[in-house]
Amino acid sequence: MQLTNLVIGQYYPGDSVLHRADPRTKIIAAFLYVVVLFMVSGLPALVLLGAGAAAGIVVARIPMLWLYRGIRPVLFLVLITFLFQLFLYGGDVLWRLGPVTFYREGVLRGGFLALRFLLLLISSSLLTFTTPPVRLTDGLGRLMAPLARLRFPAYELALMMTIALRFIPTLLAELDRIIKAQMARGADVTHGGLITRARNTLPIMIPLFVMSFRHADQLALAMEARCYRGGKGRTLRHKLHFGRLDVALALIIIALLGAALWLGRFR
Amino acid sequence: MRIELDDISLSFQPGTPFAVKALDRVSLMVRPGERLAIAGSTGSGKSTLLGVMAGILRPAAGRVLHDGQALSRKPRLQPGRIGLGLQSPENCLFEKTVFDDVAFAPRRMGLDGERLGQRVMWALECVGLDAAASATREPFSLSVGEQRRVALAGVIAAEPAVLLLDEPTAYLDPATRRDLLERLLAMNDERGTTMVVVGHDMDELAVFAERLVIMDDGRVAADGPADKLLKDEALLERYGLEAPGTVRLCRLLSGCAGREFAAVLDEEQAANLLQEIMGWGPGG
């Protein structure tokens, strides 16, 4: 596996409506979407929400391959969720396959939860696909600004989240390099029992940790060298602008979420 | 060991807006015992080429052969066959002492006791470290330059048949650079170790390389005897490189004393030229 080919919520450049929208609109929309996603029950509401997410993907012109690679690392969790539900529930027999029996309830529940999980991934990915990290920080920082009055480090927290996001691909690339360099020196992480294997990951985990701390150190130095003094009194280079586009987008999303809630209230 | 690259192409992040074509239909053969240098401007694909040779980067198209055997999709890297010194090799240090870190690969190969100790000491000396004094120290307490040398020692300690080194002399002080190059030359001479070195410093390559490959934009722009290519200033400049100091000196001297001077690579030869012009006579 080439770790460097992984993308987890990596920004996909574009000039779509979603790309141009105010990050705050998108953050709140993604947040509410997830809340509604967990409030509704029943397939129709979920399908409606799914259609909304699909529309977002189409509008933002995110290629299917990019989307797939964005959620691939977590896909197996979706599968496990499905399998768990599949075999945990009894009820009407749907069909039998040798010793395995599939129950109607299990298939429905498994499918429902897997779909919900998938939509959670897609909707939050849609936010990071269409928003460059810096804009995401600006938006988060602004949204949490009222909390700053209560001495909550709002901007710092937003910055931390962005840095974490930004360093995922970097650390994956570093991890890839370390693994290969150590393999060339004879490190073996794919053979032996559990304890041997755990011990054999040391040549990889220690350099990775050392490197992470080094990165953090250098980043802090670089930020201080450019006079970073925390979030207080900072202004934005790109002013956030909540315009007509955002009003329209907000109305569409509110309509979508409202409809999903209405559909999902039966049950 | 013979390494063959057959029509290799490789892109990073293919199919995305960030796609970068790193290698474009590269074919190359590294002969056993050869001292090959790879040069080129930044981003020309040198390091990628090295990774493909080692078998740690899988090309999108083309074949890599080690001793005539095509590499599988997941090649098993064996210490002792290929030694790989990536950029910033100090990022791979992990043991509690310098000795243990350098001994990692030899131990994997079954060395122990006195032979292990000798091997580690030899490797540490190869990179110009005081073996006795540094062996018990903690790697992370060393300076970055020393860490780099320890990491290189860890690669050399496996006594690989092929050494692939990505800018091994970067961050080293001038005396250690020369020393390291001379040790590498000795290894090549005594043990027949095949060497492929990526480098920027043409003066170093002039001392070290038999054959030079110049990369440009993912392709092999030039491939030939180092002593010929390194004297071709126009060629080097076209690919963002600077000719060795001796070659530039010879060009500057041409016209002096009404004579033309053919480029030389050897520093002593260059010195003799100067002596001639100044009328001091050799050895004067």
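What you see is a predicted model, and the numbers here were worked out from it, not measured in a lab.

Asks: Explain the overall build of chain A here, please?
Replies: Along the backbone of chain A there are eleven helices and two strands. If you list the helices and strands of chain A from N to C, you get α-α-α-α-β-β-α-α-α-α-α-α-α. In terms of overall dimensions, chain A has a C-alpha envelope of 65 × 60 × 35 Å along the principal axes. Counting across all 267 residues of chain A, residues that qualify as buried make up 39%. Carbon and sulfur atoms make up 69% of the accessible area of chain A, which totals about 15600 Å². Within chain A, one finds 30 positive and 12 negative side-chain charges whose respective centroids are separated by 3 Å.

Asks: Would you explain the overall build of chain B in this entry?
Replies: For chain B, the helix and strand inventory stands at eleven helices and ten strands. Against the globule reference of 19 Å for 284 residues, chain B gives a C-alpha radius of gyration of 21 Å, in line with a compact fold. Sorting the 284 residues of chain B into buried and exposed places 51% on the buried side. Measuring between centres, the 32 positive side-chain charges of chain B sit 7 Å from its 41 negative side-chain charges.

Asks: Looking at this model, I keep getting lost on the confidence of the model for chain B. Mind explaining?
Replies: As a general rule, the predicted coordinates of low-pLDDT regions are not to be interpreted in detail. All names here are of chain B. Chain-level pLDDT for chain B is 88 on average; 98% of the residues reach the 70-or-more range. At the low end of the mean pLDDT range in chain B sits helix α11 (residues 267–278), at 84; at the high end sits strand β3 (residues 35–39), at 95. Reported confidences for the modelled complex are a pTM of 0.77 and an ipTM of 0.80.

Asks: So what exactly am I meant to see when it comes to the side chain of R149(B) here?
Replies: All names here are of chain B. Tracing the chain through its elements places R149 in helix α5 (residues 144–156). What makes R149 buried here is its relative accessible area of 12%. Separated by 3.3 Å, the side chain of R149 and the backbone oxygen of G128 make a polar contact. Discounting chain neighbours no more than four positions away, the residues touching R149 are V127, G128, L129, L172, D173 and T176.

Asks: I'm lost on the sheet that holds strand β10 (residues 219–225) of chain B in this one. Help?
Replies: In sheet architecture, strand pairing relies on hydrogen bonds along the backbone and comes in two forms, parallel and antiparallel. All names here are of chain B. Across the sheet, which stays open at both edges, the six strands sit in the order β6-β7-β8-β3-β9-β10 with mixed pairing between neighbours. Among the strands making up the open sheet, the edge pair consists of β6 (82–85) and β10. Within the sheet, the average angular offset between the axes of one strand and its neighbour, ignoring direction, is 15°. Bridge count between strand β9 (residues 211–216) and β10: six bridges; the pairing is antiparallel. Each residue of the ladder has a partner; that of L212, found in β10, is G224.

Asks: Teacher, can you tell me more about the pattern of salt bridges here?
Replies: Residue and element names in this part refer to chain B. Counted under the stated rule, the structure contains 23 salt bridges over all chains. Between D24 and K21 there is a salt bridge, with its nearest N and O atoms 3.8 Å apart. For D24, a relative accessible area of 14% gives the class buried. Linking E159 and R119 is a salt bridge whose minimum nitrogen-to-oxygen distance equals 3.6 Å. With E159 in the loop between α5 and β7 (162–166) and R119 in helix α3 (residues 113–126), this pair connects stretches of sequence that are 40 residues apart. Overlapping salt bridges bring together R31, E34, R211 and D223 as one network.

Asks: What should I look at first to understand the interface of chain A and chain B in this one?
Replies: Where interface size is given, it is often the accessible area lost as the parts come together that is meant. The interface of chain A with chain B comprises 31 residues on the first partner and 32 residues on the second. Summed over both partners, the interface of chain A with chain B comes to about 2500 Å²; 57% of that surface belongs to carbon and sulfur atoms. The largest contributions to the chain A side of the interface with chain B come from R177(A), A184(A) and R185(A), which together make up 26% of the buried area. Counting across the interface, chain A meets chain B through one salt bridge. When the shortest N-O distance is used, the salt bridge between D101(B) and R185(A) registers 2.7 Å. If you look at where chain A meets chain B, you find six residue pairs in polar contact (both at pLDDT 80 or more). Here the residues of the side of chain A that touches chain B are counted per class, giving 17 nonpolar, eight polar and six charged.

Asks: I'm lost on the sheet that holds strand β4 (residues 61–66) of chain B in this one. Help?
Replies: All names here are of chain B. Strand order in the open sheet formed by four strands is β2-β1-β4-β5, with antiparallel pairing between adjacent strands. Edge strands, defined here as strands with exactly one partner in the open sheet, are β2 (20–30) and β5 (69–70). Relative to β5, β4 runs antiparallel, the two sharing two bridges. Its bridge partner lying in β5, H66 is registered against Q69.

Asks: Teacher, can you tell me more about the domain arrangement of chain B here?
Replies: Residues and elements named next belong to chain B. Considered domain by domain, chain B is made up of domain 1 (3–226) and domain 2 (244–284). Just the C-alpha atoms count here: the centres of domain 1 and domain 2 sit 35 Å apart. Residue-level contacts link five residues of domain 1 with four residues of domain 2. Summing both partners gives a buried area of about 340 Å² for domain 1 against domain 2, and 50% of it is carried by carbon and sulfur. The largest contributions to the domain 1 side of the interface with domain 2 come from R178, D203 and A206, which together make up 74% of the buried area. The tally of links between domain 1 and domain 2 comes to one salt bridge. Viewed at the interface, domain 2 and domain 1 are joined by two residue pairs in polar contact (both at pLDDT 80 or more). Here the side of domain 1 that touches domain 2 gets three residues from one element, more than from any other, and that element is helix α7 (residues 202–208).

Asks: I tried to follow the nonpolar core on my own but got confused; where do I start?
Replies: Nonpolar side chains tend to gather and get buried jointly when the protein is soluble and globular. Core analysis: the biggest nonpolar cluster contains 51 residues, and V102(B), L124(B), L163(B), L184(B), L212(B), I214(B) and L230(B) have the highest contact counts within it. When residues in this core are grouped by element, the largest group, six residues, is from α5(B). Judged by nonpolar contacts, the second largest core, of 38 residues, contains I178(A), L5(B), L49(B) and L50(B).

Asks: Got a minute to help me understand unusual backbone geometry in this structure?
Replies: Note: most peptide bonds trans; most residues except glycine with negative phi. Residues and elements named next belong to chain B. Even without being a glycine, D7 presents a positive backbone phi close to 55°. Mapped onto the secondary structure, D7 falls in strand β1 (residues 3–12). Here R25, not a glycine, exhibits a phi torsion of approximately 50°, which is positive. By the element assignment, R25 lies in strand β2. What makes R25 exposed here is its relative accessible area of 58%.

Reading guide: rules and limits
Throughout, residues of each chain are indexed from 1 in the direction in which the sequence is written. Starting at A for chains and at 1 for ligands, labels are handed out in the order in which the entities are written. Reporting in this predicted model follows two pLDDT cut-offs: at least 70 for local features of residues, and 80 or more for side-chain atom pairs to be given and counted; totals over whole chains, interfaces and linings ignore these cut-offs and use all residues. With hydrogens and water excluded, all non-hydrogen atoms of the structure serve as input to the side-chain values. Strands here mean DSSP runs of E at least two residues long; helices mean DSSP runs of H or I at least four residues long; both are numbered from the N terminus. Throughout, exposure labels follow a simple rule: accessible area from a 1.4 Å probe, protein chains only, divided by the maximum for the residue type, with under 20% read as buried, over 50% as exposed, and the rest as partly exposed. Here the Shrake-Rupley method, with its probe set to 1.4 Å, supplies the accessible areas, and only the displayed protein chains count as covering residues. The charge count treats Lys and Arg as positive and Asp and Glu as negative. His and the chain ends do not count. We put the charge of a Lys on NZ, of an Arg on CZ, of an Asp on CG and of a Glu on CD. Values of the radius of gyration come from C-alpha atoms, whereas the globule rule sets the reference at 2.2 Å times the count of residues to the power 0.38. The pLDDT score gives, residue by residue, the confidence of the prediction method on a 0 to 100 scale. Pairs of N or O atoms are called polar contacts if they sit within 3.5 Å, as long as, within protein, a hydrogen donor faces a hydrogen acceptor (for residues adjacent in sequence, only side-chain-to-side-chain pairs). We call two residues in contact when some of their heavy atoms are within 4.5 Å. Two strands are counted as paired when DSSP detects at least two bridges linking them. To define axes, lines are fitted to C-alpha atoms, for helices over the stretch in contact only, and angles between the resulting N-to-C directions are given on a 0 to 180 degree scale. Should a side-chain nitrogen of Lys or Arg be within 4 Å of a carboxyl oxygen of Asp or Glu, the pair is scored as a salt bridge. Using a 1.4 Å probe, buried area is obtained as the accessible area two parts lose upon being combined, added over both of them. Under this grouping Gly is polar, as are all residues other than the nonpolar Ala, Val, Leu, Ile, Met, Phe, Trp, Tyr, Cys and Pro and the charged Asp, Glu, Lys and Arg. Boundary definitions for the domains trace back to an automatic or database domain assignment. Residues grouped as a nonpolar core are buried Ala, Val, Leu, Ile, Met, Phe, Trp, Tyr and Cys residues, joined through side-chain atoms within 4.5 Å.

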